[in-house]
Amino acid sequence: MNWALLVRVSGCLLVVSVTNCLGKEESKREKASELLSRENIEKINAKKGKNSFFRSKGDATPEEKIANDLFKKAKTFTCTEKCSPFSKEYEESLAKMVQLYTEAAEEVDNDVDAFLEIAKDIFSKCTKSKEVNEDLVKTAYIKACKISNNTDINQLELDPPKIFPNLRTENIKKGGVGFRAGAGETIWENLPKVPSRAQAPEDTIDYFREDENLHTSHKQFHAIHGGMPRDKEHFYYFHRLYLYRYFDERDSEGLPPVQPFSAALRNEEFNSYYSLTPQTDPSGFLSEQHSSNTPTCRITQATNGVLARLEARCNSKLAERNDNFDAFFEECIDYHNNGHNLISADCIVDKSKVGLIGNTPVAGRDPIFYRWHYEVDNKYETFLKNQPAYTREQILPPGGLVVTSVELQSRCSSPNQVETFWESEGSKYQLNHMPFHFNIRLRNGNGSSNKVIVRIYLVNEKFLSNNKFYFELDRFTHTLSGANEETIVRADNQSSLIWGSRDDCGWPPSLVLPRGKSQQAVKYRLVVFVHDLPDQSVNEGDIASLLCGPRGGVLDPRPNGWPMQRDWQGINFLDVINNQDEAFGQISTTVEIFNRGLNPTGCGDAQFTNNGQTTPAPSASANDSTSSESASTESPLRSDAVTSTQSPDAGLSSETSLESSSKSASTSSDSETSTESSSESASTSSDSETSTESSFESASTSSESETSTVASSTTSSFPDAVTDSTTSTEVTLTTLLTESEFTSTTADSNKESSTSVPDSVTNPEASTDAPSTTQITTLSTESESPAPYGSETTVPAVPYGSETTVPVVPYGSETTAHAVPYESETTVPVVPYGSETTVPLVPYGSETTVPVVPYGSKSDDKPRGYGNVPKGYSR
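Because the structure is predicted, anything quoted here is derived from the model rather than measured.

Calculation criteria
Counting from 1, residues in each chain are numbered in the order their sequence is written. In keeping with the predicted nature of the model, local features appear solely for residues at pLDDT of at least 70, side-chain atom pairs appear and are counted solely at 80 or more, and the whole-chain, interface and lining totals rest on all residues. Only hydrogens and water are set aside; all other atoms, that is, all heavy atoms of the structure, feed into the side-chain values. What counts as an axis is a line fitted to C-alpha atoms, over the stretch in contact for a helix, and the angles between N-to-C directions run from 0 to 180 degrees. The numbering of helices and of strands both runs from the N terminus, where a helix is a DSSP run of H or I of at least 4 residues and a strand a run of E of at least 2. With respect to orientation, any angle under 35 degrees is reported as roughly parallel, any angle over 145 as roughly antiparallel, any angle of 65 to 115 as roughly perpendicular, and every other angle as oblique. Any two residues having at least one pair of non-hydrogen atoms within 4.5 Å are treated as being in contact. Only Asp, Glu, Lys and Arg are considered charged, only Ala, Val, Leu, Ile, Met, Phe, Trp, Tyr, Cys and Pro nonpolar, and every remaining residue, Gly among them, polar. Only Phe, Tyr and Trp rings are paired, with Trp represented by its six-membered ring, and only when their centres lie within 6.5 Å; those with planes under 30 degrees apart are stacked, over 60 edge-to-face, the remainder tilted. Burial classes follow relative accessibility: with a 1.4 Å probe on protein chains only, a residue under 20% of its type's maximum area counts as buried, one over 50% as exposed, and anything between as partly exposed. Whether a charge sits over a ring depends on NZ of Lys or CZ of Arg being within 6 Å of the ring centre and within 35 degrees of the ring normal. For two strands to be treated as a pair, DSSP must find no fewer than two bridges joining them. Note on disulfides: each one is a pair of cysteine sulfur atoms within 2.5 Å. N or O atoms closer than or at 3.5 Å make up a polar contact, with two conditions inside protein: a donor-capable atom paired with an acceptor-capable one, and, for residues adjacent in sequence, both atoms drawn from side chains. Joining through side-chain atoms within 4.5 Å is the link that ties buried Ala, Val, Leu, Ile, Met, Phe, Trp, Tyr and Cys residues into a set, and such a set is a nonpolar core. Values of pLDDT, ranging from 0 to 100, describe the predictor's confidence in every residue of the model. Take the number of residues in a helix, subtract one, and multiply by 1.5 Å to get its expected span. Using only the protein atoms, space was sampled on a 1 Å grid; points where a 1.4 Å probe fits but cannot get out form cavities, open sets with protein on both sides within 12 Å along at least five of seven lines form pockets, and lining residues are those with an atom within 4 Å of a point. Grid points are joined across faces, edges and corners, and a volume is the space filled by probe spheres set on the points. Between Lys or Arg on one side and Asp or Glu on the other, a salt bridge is scored when a side-chain nitrogen of the former is within 4 Å of a carboxyl oxygen of the latter. The angle between axes fitted to the seven residues ending at a residue and the seven residues starting there is what we call the bend at that residue.

Peer 1: Tell me about the packing of helix α10 (residues 212-224) against helix α11 (residues 231-252), and please be specific about residues and values.
Peer 2: Contact geometry for α10 and α11: axes closest at 11 Å, N-to-C directions at 175°. Between α10 and α11, the angle falls in the class roughly antiparallel. Facing α10, whose interface residues are Leu214, His215, Ser217, His218, Phe221 and His222, α11 presents His234, Phe235, Phe238, His239 and Tyr242. Looking at the contact of α10 with α11 residue by residue, the classes come out as five nonpolar, six polar and no charged.

Written out as C-alpha cells, the structure reads:
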C-alpha cells in the first residue's frame with residue numbers, strides 16, 4: 001500500500017471537509033440578512049395568505065409558537081406604531097424586547113437556525129400590524145444578536161439596510177444616456193444620478209448626507225450604545241464627529257456655515273426644503289412612512305415654549321465641574337429629544353406621516369438635522385469649556401519618550417498622499433478611499449517597556465488653531481519594546497473607531513477619510529499623541545467599538561477627544577502642533593487628500609500640490625535628525641500582516657504585530673497654507689495675528705458682538721473656525737460657539753432676488769430633475785438684516801489685497817428678507833410627533849447592561865468597506 005498517497009488523500013479530504021464546514025458557516029451568515037430582508041418577509045406574507053385556509057393552529061412549529069408569544073407581549077408595550085425613537089416609551093419598550101429575544105434564544109438552546117426562524121415569524125407579523133412598532137421589534141433583534149454571549153448568534157452579521165429599507169441609498173439613475181461606467185475617471189457632478197431631494201447648494205453634498213453607510217452607522221449607534229460603559233459621554237462625542245465631518249464636507253464644497261437652531265433663530269422663518277417624490281425616492285421606501293418638508297418653516301409658539309423650558313433646565317447644568325457628565329446629560333437630553341420630535345412635526349407637509357428628523361435611522365438625510373444638532377453640540381461645548389484647562393504636566397508624553405516622525409503611506413510612491421474615489425455598488429455611488437497605513441517613529445530614551453496609548457487626529461490645515469475641529473482617526477494601546485528607537489505601523493482598517501461589520505457600532509470604514517476636492521489635493525494635518533497609562537491593564541483600542549463604549553474592556557479614564565476637547569494652560573498649543581516643542585517631538589505632518597472620481601487611474605496621474613514630494617509639517621527643532629524611511633509604491637499591509645522594523649540602533653529591534661481590525665474615522669475640508677478663510681474672533685486672552693484676509697465670527701458666551709473685517713473671497717463652512725496662526729504667543733483655545741456669523745457668496749451683485757415654491761413639493765408628481773432654488777436679495781451689511789437660513793446671499797467680491805472692509809451683521813438680528821411661507825400660512829399649530837404636545841422624556845440610555853462580543857472574533861479576513869477597489873490594486 002502506498003502510505004504516502006493515503007496520507008495525502010486523507011489530508012485532502014480533511015481540508016475539503018474543513019473548507020466545506022467554514023463555507024457553510026459563512027453562507028449561513030450571508031443568508032441571515034436575506035432571510036430577514038424586507039423583500040423576503042413580504043414574500044412570506046404573500047405565501048401565508050394563500051395557504052392560510054389549509055393550515056390549522058396545531059401545525060405551528062416550536063419557533064412559530066415562541067414568535068406568537070413574543071408578538072402578544074410586544075402588543076402590550078407602551079410604544080406602538082407611531083412611537084418616536086426619541087421617546088421614553090421607545091427606550092423602555094426596546095429594553096423589554098431585547099430581554100424577550102435573549103430569553104427566546106435560551107429557549108431554543110441558542111440554535112442559530114431556530115433563532116432566525118423566530119425573527120422571521122415575528123417580523124412577518126409586524127409588517128401586517130399597527131399594534132406594534134415594527135422598527136423597534138427589528139432593532140431589538142439586531143441588538144440582542146450583537147450583545148449575545150453565544151458566539152454563533154453574535155457573529156450573524158445582519159445587514160441593517162436589507163432589514164430597514166429606509167437606510168438604503170438609491171442615487172444611481174437607471175438608464176443614464178451615453179454613460180459608461182468603464183469610461184475612466186468621472187467626477188461626482190458628471191455621474192448620472194437621481195434628482196436631489198435638497199435644494200442647491202445643499203445638493204452638492206448629497207454624497208455624504210444621503211450615504212447609506214453613514215445612516216447605518218447612526219442607526220446602529222442608537223440601537224447598541226445604551227447601557228454600555230460611559231454611554232452618555234459617547235452619545236455627545238459620536239454626534240460631534242458626525243456633525244463636524246458634515247461641516248468639513250461643506251467646507252470642501254465652498255458652502256456657507258451651518259447656523260444652529262438657537263433660541264433667537266427659532267423665532268425666524270427658515271429654509272426647510274426636503275422633497276420626497278417618485279423621482280427623488282424611486283423605491284418609495286422613505287415616502288411610505290415619511291413626509292416631505294415644507295419649503296420654508298416657522299417653529300410654532302407651542303414648540304418654542306417647550307424648547308425654552310427644556311433649554312433653561314439644560315443651561316442650569318452647563319457649569320458642572322469635575323467632568324460631572326451624568327448631571328449634565330440628565331438635564332440636557334430631553335432638550336435634544338424633544339427638539340427632534342417637535343421640529344419634525346412643525347415642518348412637514350403630510351401631518352399623518354413622520355418627518356425625517358423625527359426618526360433616528362433617516363434623520364441625518366435632512367439638512368435641518370445638522371442645524372438642530374449644532375445647537376445641541378453648543379451645550380456640550382459650553383460644558384467642556386467650563387471644565388478645568390489641561391496643564392502641561394497632564395499633556396506631556398512619558399519621560400524620555402519622543403515622537404521623531406509621523407507618516408501616512410498609501411499606494412502613491414511619495415508618503416503623505418492618499419486618494420479618495422467614487423465606487424458604484426448596486427443602486428448607489430459612494431465615497432471610499434485607497435488603503436493606507438501610519439508609520440509612527442518613537443525615540444525611547446529611558447528604554448521603557450510599559451504600555452502607552454496612542455491617539456491619531458486629522459484636521460484641515462487652515463483650522464489648525466481651533467482644537468475643536470480635530471477628528472479622531474484611531475485610538476489604541478501599544479507596549480513599548482524597550483529599544484532606543486521603534487516604529488509603530490498601524491493600518492487604516494485597524495482603527496478602533498470603525499465597525500467590523502455593518503451591524504456593529506462604529507464609524508463607516510468607507511468614510512474614514514474626507515472627500516477632498518475633485519481633482520485637487522487638499523491639505524490636512526495628521527497629529528499623533530502618545531501618553532502613559534498609569535493602569536497598565538487598559539486595553540482600549542484592542543476591543544471594538546470605542547464609539548459605543550465596549551463592555552468587557554478596561555478603558556482609559558481620560559475623556560473622549562482628550563486632550564483636544566478642552567483648553568490648555570501653561571503650554572503653547574501651536575508650538576506643540578507645529579513640532580516646535582522638543583518635549584513632544586515631531587508629532588504632526590501635512591498630508592494631502594485628492595479625489596479621483598469614479599474609476600481612478602494610476603497614482604502618478606494625480607496632481608498633488610507638492611509635485612510628488614514629502615510634505616512635512618513646520619518644525620523649529622534642530623535636534624531631530626531622524627529621516628523618513630523610504631516607502632514602497634504600494635501599501636504592503638493587510639489587517640493580518642506582521643511587520644518587523646529594525647531599529648537604526650545596532651542590535652536593538654522591535655516587532656509590531658498588526659491585529660485584525662477595521663478601518664479608521666476621519667474628517668476633512670479644503671485647505672491652503674496661505675488662504676483667505678473664515679475664522680473665529682476668539683474671546684480669549686490670546687493675541688493671535690494672521691497674515692491672511694479673513695472673514696471672522698465673534699465668539700462670546702454672554703452677548704452678541706459686531707466685528708468689522710476684511711471680506712473674504714472664499715467662505716469656510718466651519719461656523720467658528722480659527723485659521724492657522726504662526727505666532728509664538730501662547731494660545732488659549734476657542735471659547736464658546738458664536739452668536740454672530742457672516743457668510744457671503746461671491747456672485748453678481750446686481751442679481752435680482754426671487755422666491756419660489758417648487759412644484760415637487762406642492763405637486764408630488766412633479767419632476768425634480770431641476771429643483772428650484774431660493775434666492776434672496778443682495779445683502780447690504782450696512783442697512784439690511786441677514787437673510788434667512790438656506791437662502792443665497794450675495795456680496796460684491798472684494799479684490800484680493802484691497803483695503804475695503806465690510807462690517808459683519810450681528811447674528812440673530814431682525815430680518816425683513818423672509819422667504820415666502822408655504823401656501824401663505826405663517827404659523828400652523830400642529831400636534832407634535834406621537835400626538836402629545838409635551839411628553840416628559842427620561843434621559844437617553846437605559847440601565848440595561850449587556851455583554852458585547854470581543855472585537856476580532858470573525859473567522860474571515862476579507863477587507864471591509866472597500867467595495868470595488870480599482871483594477872490593478874489589491875488589498
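Anyway, onward from the coordinates.
Peer 1: Any chance you could break down the packing of aromatic side chains for me, citing the residues and the numbers?
Peer 2: One pass over the structure, following the stated rule, counts 40 aromatic pairs. With a centroid separation of 6.5 Å and 45° between ring planes, the pair formed by Tyr246 and Phe247 is classed as tilted. Owing to a relative accessible area of 0%, Phe247 belongs among the buried residues under this scheme. Aromatic pair Phe594 and Phe608: ring centres 5.5 Å apart, planes at 50°, arrangement tilted. With Phe594 in strand β14 (residues 588-598) and Phe608 in the loop between β14 and β15 (642-646), this pair connects stretches of sequence that are 14 residues apart. Across the pair, exposure class does not vary: Phe594 and Phe608 are buried alike. Across the ring face of Phe123, the terminal group of Lys138 is positioned such that the distance to the ring centre comes to 5.6 Å. Over the aromatic face of Phe261 sits the side chain of Arg371, whose NZ or CZ is 4.2 Å from the ring centroid.

Peer 1: Quick one: what's the story with the pairing of β14, residue by residue and with numbers?
Peer 2: Two faces make up the sheet, and in a regular strand the side chains alternate between them. Among the 11 residues that make up β14, 11 are buried, leaving the element largely enclosed by the rest of the structure. As paired strands, strand β5 (residues 417-425) and β14 are joined by five bridges and run parallel to one another. Along β14, the bridge assignment pairs Thr420 with Asn595. Relative to β14, strand β11 (residues 517-518) runs parallel, the two sharing two bridges. For Ser518, the partnering residue across the bridge sits in β14 and is Asn595. In this structure, strand β12 (residues 521-532) lies alongside β14, joined through seven bridges in antiparallel fashion.

Peer 1: Outline unusual backbone geometry, supporting the account with residue identities and numerical values.
Peer 2: Here the residue pair Ala200 and Pro201 is connected by a cis peptide bond, since its omega of 5° sits within 30 degrees of zero. Phi angles above zero are rare outside glycine, and Arg230 is one such case at about 55°. Secondary-structure assignment places Arg230 in the loop between α10 and α11. Given a relative accessible area of 26%, Arg230 falls into the partly exposed group. The phi dihedral of Asn416 is positive, around 65°, even though this residue is not glycine.

Peer 1: Explain the sheet that holds strand β7 (residues 437-444) to me, using residue names and the numbers behind them.
Peer 2: Taken in spatial order, the three strands line up as β4-β7-β10 in an open sheet, and their pairing is antiparallel. The sheet is open, and its two edges are formed by β4 (401-409) and β10 (485-491), each paired on a single side. Pairs of neighbouring strands in the sheet enclose a mean axial angle of 20°, with direction left out of account. In this sheet, β10 lies alongside β7 in antiparallel orientation, the contact comprising seven bridges.

Peer 1: Could you give an account of the state of the cysteines, with specific residues and numbers?
Peer 2: Under the counting rule described, the total for this entry stands at four disulfides. Linked covalently through their sulfurs, Cys79 and Cys83 form a disulfide whose S-S length is 2.3 Å. One disulfide, between Cys79 and Cys83, carries an S-S torsion of -110° and so falls in the left-handed class. Cys83 matches Cys79 in its accessibility class, with the two residues each being buried. The residue that forms a disulfide with Cys314 is Cys332, at a sulfur-sulfur distance of 2.0 Å. On the sign convention where negative is left-handed, the bridge of Cys314 and Cys332, at about 90° about the S-S bond, is right-handed.

Peer 1: How would you explain the pairing of β5 if you had to name every residue and give the values?
Peer 2: The buried fraction of β5 amounts to seven of the nine residues, a majority that puts the element mostly inside the structure. Bridging between β5 and strand β6 (residues 428-433) involves six bridges; their strand directions are antiparallel. Note that in β6 the partner of Trp422 across the bridge is Leu431. The loop that links β5 with its antiparallel partner β6 comprises two residues; one of these, Gly426, has a positive phi angle of about 65°.

Peer 1: Tell me what's going on with the side chain of Asn579, and back it up with residues and numbers.
Peer 2: Mapped onto the elements, Asn579 comes out in the loop between α16 (573-577) and β14. Polar side-chain contacts of Asn579 include one of 2.8 Å to the backbone nitrogen of Ile587.

Peer 1: Give a detailed account of the nonpolar core, specifying residues and quantitative values.
Peer 2: One broad rule of soluble globular proteins: the nonpolar side chains tend to lie buried together. Core analysis: the largest hydrophobic core is formed by 156 residues, its most contacted members being Met97, Tyr101, Ile122, Phe123 and Tyr141. Looking at which element gives the most residues to this core, the answer is α11, with 10 residues. Each residue touching Ile122, except ones within four places of it in the same chain, is listed here: Ala67, Leu70, Phe71, Met97, Tyr101 and Val137.

Peer 1: So what's going on with the confidence of the model for the protein? Residues and values would help.
Peer 2: The pLDDT averaged across the protein works out to 73; a share of 63% of its residues lies at or above 70. Confidence, read as mean pLDDT per element, is least for strand β20 (residues 745-746) in the protein (31) and greatest for β7 (98). Segment residues 177-183: pLDDT under 50, and nine contacts once partners within four positions in sequence are set aside and those in other chains are kept. Here residues 611-615 is modelled with pLDDT under 50, and outside its nearest four sequence neighbours on either side it reaches 11 contacts, counting other chains as well.

Peer 1: Tell me about α10, and name the residues and values.
Peer 2: Under the 1.5 Å per step criterion, the end-to-end length of α10 is 18 Å for 13 residues, consistent within 8% with the ideal 18 Å. Among the residues of α10, the N-terminal cap falls to Asp211, whose side-chain oxygen and the backbone nitrogen of Asn213 are separated by 2.9 Å.

Peer 1: How would you summarise empty space enclosed by the protein if you had to cite specific residues and measurements?
Peer 2: What the rule picks out here adds up to 14 cavities of 30 Å³ or more. Roughly 150 Å³ of internal volume is contained in the second largest cavity. Tyr237, Arg240, Asn467, Lys468 and Tyr470 are, among the 16 residues lining the second largest cavity, the residues nearest its centre. For the lining of the second largest cavity, the leading source of residues is α11, giving four residues. Here the residues of the lining of the second largest cavity sort into nine nonpolar, three polar and four charged.

Peer 1: Outline the pattern of salt bridges, listing residues and values.
Peer 2: Under the definition given, this model contains 49 salt bridges. The salt bridge involving Arg197 is made with Asp281; its shortest N-O contact spans 3.8 Å. In this pair, Arg197 is assigned in the loop between α8 (160-163) and α9 (206-209) and Asp281 in the loop between β1 (270-271) and β2 (296-297), connecting sequence segments 84 residues apart. Each member of the pair, Arg197 as well as Asp281, carries the same accessibility label: buried. Two residues, Asp556 and Arg558, come together in a salt bridge whose shortest N-O distance is 3.0 Å. In this structure, Asp556 and Arg558 share a single accessibility class: buried. Salt bridges linked by common partners bring Arg197, Glu202, Asp206, Arg209, Glu210, Arg250, Asp281 and Arg365 together as one network.

Peer 1: Lay out the side chain of Ser272 in plain terms, naming residues and giving numbers.
Peer 2: Positionally, Ser272 belongs in the loop between β1 and β2. Here the side chain of Ser272 touches Cys297 through a polar contact of 3.5 Å, landing on its backbone nitrogen.

Peer 1: Which residues make up helix α13 (residues 325-346), and what are the values?
Peer 2: Along an α-helix, a turn takes 3.6 residues, which lines up residues three or four apart on a common side. With 22 residues, α13 should reach 32 Å at 1.5 Å per residue; the first-to-last C-alpha distance of 31 Å fits that figure. At Cys332, α13 shows its maximal bend, which comes to roughly 35°. The buried fraction of α13 is high, at 19 of 22 residues.

Peer 1: Explain the packing of helix α6 (residues 134-146) against α10 to me, and be specific about the residues and the numbers.
Peer 2: One can describe the packing of α6 onto α10 by two numbers: an axis separation of 10 Å at closest approach and a directional angle of 75°. Compared by their axis directions, α6 and α10 come out roughly perpendicular. From α6, Asp135, Thr139, Ile142, Lys143 and Lys146 reach across to α10, where they touch Lys219, Gln220, Ala223 and Ile224. In terms of residue class, the contact of α6 with α10 is built from three nonpolar, two polar and four charged.

Peer 1: Pulling in residues and values, what's your account of the environment of Phe164?
Peer 2: Examined against the element boundaries, Phe164 turns out to sit in the loop between α8 and α9. Expressed as a C-alpha distance, the spacing of Phe164 and Phe285, which sit 121 residues apart in the sequence, is 9.0 Å. Every residue in contact with Phe164, bar those within four places of it in the chain, is listed here: Asp135, Lys138, Thr139, Ile142 and Lys219.

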